[in-house]
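Okay, here's what each chain looks like letter by letter:
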Amino acid sequence: MEQKYFRFTRTGGIETNPAQFSQRANAFTAAVPEGGTATLLARREPEGLHGYLIIPATTADTANAQLHLAHAVGAKAVLVEAPEGLDDVEAIGELTYRESPALRETQAGLDPRELPTLLANTMPQGSWVAVTLRKPSNKE
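No experiment lies behind these values; they were computed from the predicted model shown.

Once that is clear, we can look at the pattern of salt bridges. If you walk through the whole model with that rule in mind, you get 3 salt bridges. Between Lys4 and Asp61 there is a salt bridge, with its nearest N and O atoms 2.7 Å apart. With a gap of 57 residues between them, Lys4 in strand S1 (residues 3-10) and Asp61 in helix H2 (residues 57-63) connect regions that are remote in the sequence. Among the residues examined, Lys4 registers a relative accessible area of 19% and is labelled buried. Here Glu45 makes a salt bridge to Arg7, at a shortest N to O gap of 3.9 Å. Of this pair, Glu45 sits in strand S2 (residues 38-45) while Arg7 is found in strand S1, placing the two residues 38 residues apart along the sequence. For Glu45, a relative accessible area of 9% corresponds to the buried category. Residues joined in a network through salt bridges with shared partners are Arg7, Arg43 and Glu45.

Structure follows, in structure tokens:
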């Protein structure tokens, strides 16, 4: 499957109203088709922390998911080549879902700027973290 890579360039401030941010983020998730995936990549480069979106080409071409995400985070999505050096790291970890009793931790009121700030202050140069989003199963 052909993938497209988008790098986000800040154009304004991120929406700090949680309800407004959630509404804009929901437009992004709705643009990712049923059964599709989207990978968010944060990478520490010499110039600082940069955010990328990796999605199937069809999602980019037909649903404009990259534009919805850019709008949510106050940025512009720029089509780029695949970032180099993602495989040149000392370790790669993976989180795996395991069934457990239902826990409902709300993220209501969370400041969406907090995670990027933490990553920018703690990630060493050349490191990266990626999260692949998919439709949750009925047990998640």
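From this point, things continue past the structure.
Further remarks concern the packing of helix H1 (residues 18-31) against helix H3 (residues 65-73). The geometry of H1 relative to H3 is characterised by a closest axis approach of 8 Å and an angle of 165° between their N-to-C directions. Judged by the inter-axis angle, H1 sits roughly antiparallel to H3. Crossing of H1 against H3: the hand is left-handed. Contact residues: H1 offers Phe21, Arg24, Ala25, Ala27, Phe28 and Ala31, while H3 offers Ala65, His68, Leu69, His71, Ala72 and Val73. A breakdown of the residues in the contact of H1 with H3 according to their chemical character gives 9 nonpolar, 2 polar and 1 charged.

What counts as what
- Residues numbered from 1 in each chain as written.
- Predicted model: local features only at pLDDT ≥ 70, side-chain atom pairs only at ≥ 80, totals over all residues.
- Heavy atoms only, no water.
- Salt bridge = Lys/Arg side-chain N within 4 Å of Asp/Glu carboxyl O.
- Helix = DSSP H or I, 4+ residues; strand = E, 2+ residues; numbered from the N terminus.
- Buried < 20%, exposed > 50% of the residue type's maximum accessible area, 1.4 Å probe, protein only.
- Axes fitted to C-alpha atoms, helices over the stretch in contact; angles between N-to-C directions.
- Parallel < 35°, antiparallel > 145°, perpendicular 65-115°, else oblique.
- Left-handed = near helix turned anticlockwise from the far one by under 90°.
- Contact = heavy atoms within 4.5 Å.
- Nonpolar A, V, L, I, M, F, W, Y, C, P; charged D, E, K, R; others polar.

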